[in-house]
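Listed here are the chains, written in short residue letters.
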Amino acid sequence: MKLNSRHVSQRWVMAVMGMMGVTMAYVMRACLGITLTQMVKPVVVVDGGVKSVRHDYCPMQKSSSRGHPKSNRTETVEDEFQHRFDWDEKTQGEILSSFYYGYILTHLPGGVLSQRFGGKHTMGIGILSTAIFTLMTPYVSNMGPKPLTILRFVEGLGEGTTYPALYTLLAQWAPPEEKGKLSTVVFAGAQIGNIFSNFLSGFIIQYIPGGWPNVFYFFGITSLIWFVLWCMFVYNDPKSHPFISDMERDYLKQSIGSLERKKDLPPTPWKSILTSWQIWALIFIEVGHDWGAFTIISDLPKYMSDVLHFSISENGLLSSFPFIAQWVTSILASILADWLISKRIMSVTAVRKIFAIIGNVGPGIGVMCASFVGCDKMIATLCFTLGMALMGFCYPSIRVNSLDLSPNYSSTIMALVNGIGCLSGMATPYIAGILTPNRTVLEWRLVFWIMMIVMTSSSVLYGLFGSGELQPWDDFEQHYLKEKEKSEKGLPMDERLSIIHSKSIEDEKSLNN
């Protein structure tokens, strides 16, 4: 096994396992959004002393799998709802947002721990704890909304270390010319997680005996299996990896500048970081991006259920379409971004800014269009899908920008940026709950207006002050090795790797002599 593993690119093993880890993090985070539609009772109004389910604006289908007729405005509340929780929209918003209160608290500690001890165990232990608490969710839900809110808060504490740990790993494993592709593969786990959380949750609830608790059992157990594989196959850096090939190790040393984390770094330059307009521009656009992303992750299944009246199986399938489109676009956009930079058609700064603006403004326009198409379910789903597809442009821009600005302190910067961005995750579910007490399309339209304004304004600030250049306070010049291999730029990758390997052998011989 050891011999065969030397023929496998270990940086891509790290990237694929990292992607699977992000997938696990997002399925455990996002599955509650769609599951909640089956955990709580529908909105009811009293009509002549009879409790009825209210369906304003969009009519219900005349027939359903439940086997009873429905009018366009009301349906009788039957025994199927009696075992559901009686939680109003505000309570649901508090439950959904509580995750991010914990999530934001462990970002900076996660960045510090990752810089000091490496990203492998920092991320692994965080996902492990979240998996255990996910398995506890059905039991705690029956205790009431407050205990569930506390549990989700603690889950957020575990997941808060995920991104800082991954940035530390990428700084050690991603060569400059592959940074866009490797980063996009890793962070594509976010879209894959959202796809699986919606599609599989709907399938499990609809077809697996036992209902919604099975969603948490399935994703919790799957995450435990991932943790075992992560511990077996991923290492903090190339130097500590026991079966990386000599050629890959030499290539990473030449392209990145070192094979292990710098343990003698000076203290984090907080003053320089906190007074950098480039960092604050990244924070602004991260807040805008997260506002839109968390609105869709938390509330799209509710919109599909409450306004468009999709069944749970339809909801799970169609709620996953926007994230499938986003995943495909993120991969294509990363290839395009790396090509534009490697061919010197555009500067790193220009690529980051243009892609970030497309990825932020596009989704805002998409959700607004969806709210204005009325009750046409397919057109509304198409608008959501096209808008979220454009969000894929954020991955080779916003998601890698901290690596551009400061490879040495990327995990700490990412913790700061993503931590502040998560304020959006704390706010959006709660605000949506307050603004949509009756769950009508007009109420949701206001939610989407706010989303578009926040995303557009943050894009303007990033366009003015953002950058993709290495900052002077990072002191990591050899990361780019600008003079290296100028004469070899036109050679195929295999020949370049052979040259790098030969140079490494010559250097070793000269040192021995």
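Residues numbered from 1 in each chain as written. Predicted model: local features only at pLDDT ≥ 70, side-chain atom pairs only at ≥ 80, totals over all residues. Heavy atoms only, no water.

**Digging into the overall build of the protein**
Defined as follows: Runs of H or I in DSSP of at least four residues are treated as helices and runs of E of at least two as strands, each being numbered from the N terminus. Classification of residues uses two cut-offs on accessible area relative to the type maximum, computed with a 1.4 Å probe and protein chains only: under 20% is buried, over 50% is exposed, and between them is partly exposed. Residue contacts follow a heavy-atom distance rule, with two residues in contact if any of their heavy atoms lie within 4.5 Å. Areas reported as accessible are Shrake-Rupley estimates using a 1.4 Å probe. Residue values count occlusion only from the protein chains shown.
Scanning the protein from N- to C-terminus turns up 21 helices and three strands. Per-residue burial for the protein yields a buried fraction of 58% across its 513 residues. For the protein, contacts bridging at least 24 residues in sequence account for 82% of all contacts bridging at least 6. Just so you have it, the protein exposes about 21,100 Å², and 65% of that area is on carbon and sulfur atoms.

**Comments concerning the pattern of salt bridges**
Heads up, the condition is: Only one rule defines a salt bridge in this text: a Lys or Arg side-chain nitrogen within 4 Å of an Asp or Glu carboxyl oxygen.
A complete count under the given rule lists six salt bridges for this structure. Between Arg152 and Glu155 there is a salt bridge; the shortest N-O distance is 3.5 Å. With Arg152 and Glu155 both in helix H6 (residues 145-159) and three residues apart, this pair spans about one turn of that helix. Judged by relative accessible area, which is 3%, Arg152 ranks as buried.

**Description of the packing of helix H14 (residues 312-342) against helix H15 (residues 348-372)**
Selection rule: In this analysis an axis means a line fitted to C-alpha atoms, helices contributing only their contacting stretch, and an angle means the value between N-to-C directions, from 0 to 180 degrees. Angle categories: roughly parallel below 35 degrees, roughly antiparallel above 145, roughly perpendicular from 65 to 115, and oblique for all the rest. Two helices that cross are described as forming a left-handed crossing if the nearer one is turned anticlockwise from the farther one by less than a right angle, and a right-handed crossing if clockwise. Residue polarity is assigned by list, with Asp, Glu, Lys and Arg as charged and Ala, Val, Leu, Ile, Met, Phe, Trp, Tyr, Cys and Pro as nonpolar; anything else, Gly included, falls into the polar class.
As a packed pair, H14 and H15 sit with axes 9 Å apart at the nearest point and diverge in direction by 155 degrees. One element, H14, and the other, H15, form an angle in the roughly antiparallel class. Where H14 crosses over H15, the two elements pack in a sense that is right-handed. Only Val348, Val351, Arg352 and Phe355 of H15 make contact with H14, whose side of the interface consists of Ala333, Leu336, Ala337, Leu340 and Ile341. A class-by-class count of the residues in the contact of H14 with H15 yields eight nonpolar, no polar and one charged.

**Some thoughts on a nonpolar patch on the surface**
The condition is simple: Patch membership requires over 30% relative accessible area and the absence of a salt bridge. Like charges are linked within 9 Å, and nonpolar side chains (Val, Leu, Ile, Met, Phe, Trp, Tyr) within 5 Å.
Together, Leu108, Trp270, Leu274, Trp277, Trp280, Phe284, Val460, Leu461, Leu464 and Phe465 make up a nonpolar patch on the protein surface, roughly 900 Å² of accessible area in all. Listing elements by their share of the nonpolar patch, those giving two or more residues are helix H12 (270-274), helix H13 (277-306) and helix H20 (441-465). Per element, the largest residue contribution to the nonpolar patch is four residues, and it comes from H20. In this fold, Trp277 is placed in helix H13.

**Focus on the environment of Ala281**
Tracing the backbone through its elements, the reader meets Ala281 in helix H13. Judged by its relative accessible area of 0%, Ala281 is buried. Apart from residues no more than four positions distant in its own chain, Ala281 is found in contact with Leu461, Tyr462, Phe465 and Gly466.

**Here we look at H6**
So the rule is basically this: To estimate how far a helix should extend, the number of its residues minus one is multiplied by 1.5 Å.
With 15 residues, H6 should reach 21 Å at 1.5 Å per residue; the first-to-last C-alpha distance of 21 Å fits that figure. Turning to H6, the residues buried within the fold contact helix H2 (10-39), helix H3 (89-105), helix H5 (119-141) and helix H7 (162-173).

**Here we look at the side chain of Arg84**
Threshold: We call two N or O atoms a polar contact when they sit within 3.5 Å, provided that within protein one can donate a hydrogen and the other can accept it, with sequence-adjacent residues counted only if both atoms are side-chain atoms.
Relative to the helices and strands, Arg84 resides in the loop between strand S3 (74-76) and H3. A polar atom in the side chain of Arg84 sits 3.3 Å from the side chain of Gln38. Here the side chain of Arg84 touches Val40 through a polar contact of 3.2 Å, landing on its backbone oxygen.

**Side note on unusual backbone geometry**
The phi dihedral of Arg344 is positive, around 60 degrees, even though this residue is not glycine. Examined against the element boundaries, Arg344 turns out to sit in the loop between H14 and H15.

**Observations regarding H2**
Because an α-helix completes one turn every 3.6 residues, residues spaced three or four positions apart along the sequence face the same direction. For clarity, the cut-off: By definition, a residue's bend is the angle between the axes fitted to the seven residues ending there and the seven starting there.
In a regular helix each residue adds 1.5 Å, so 30 residues correspond to 44 Å; H2 covers 43 Å between its end C-alpha atoms and thus fits that length. The sharpest bend along H2 measures roughly 35 degrees and falls at Gly33. Buried residues dominate H2, accounting for 27 of its 30 residues.

**Quick word on the environment of Ser97**
One can find Ser97 in helix H3. Here the alpha-carbon distance between Ser97 and Phe153, two residues 56 residues apart in the chain, equals 8.5 Å. In contact with Ser97, not counting residues within four places along its chain, are Gly425, Met426, Pro429 and Tyr430. Here Glu94 takes part through its backbone oxygen, which lies 3.2 Å from a polar atom of the side chain of Ser97.

**Digging into the packing of aromatic side chains**
Stated precisely, the cut-off is as follows: Centres within 6.5 Å are what make two rings of Phe, Tyr or Trp a pair, Trp counting through its six-membered ring; a difference in plane orientation under 30 degrees is then read as stacked, over 60 as edge-to-face, and the rest as tilted. Either the NZ atom of lysine or the CZ atom of arginine qualifies as a charge over a ring when it sits within 6 Å of the ring centre and within 35 degrees of the ring normal.
Applying the stated rule across the entire model yields 21 aromatic pairs. A ring pair is formed by Trp212 and Phe216, whose centres lie 6.1 Å apart and whose planes are at 85 degrees; its orientation type is edge-to-face. On the basis of relative accessible area, Trp212 is assigned to the buried category, the value being 15%. On the basis of relative accessible area, Phe216 is assigned to the buried category, the value being 2%. An aromatic cluster of at least three residues, connected via ring pairs, comprises Phe85, Trp87, Trp212 and Phe216. The side chain of Arg399 reaches across the aromatic face of Tyr163, ending 5.4 Å from its centre. The cationic tip of Arg445 hangs over the ring face of Phe372; the distance from NZ or CZ to the ring centre is 4.0 Å.

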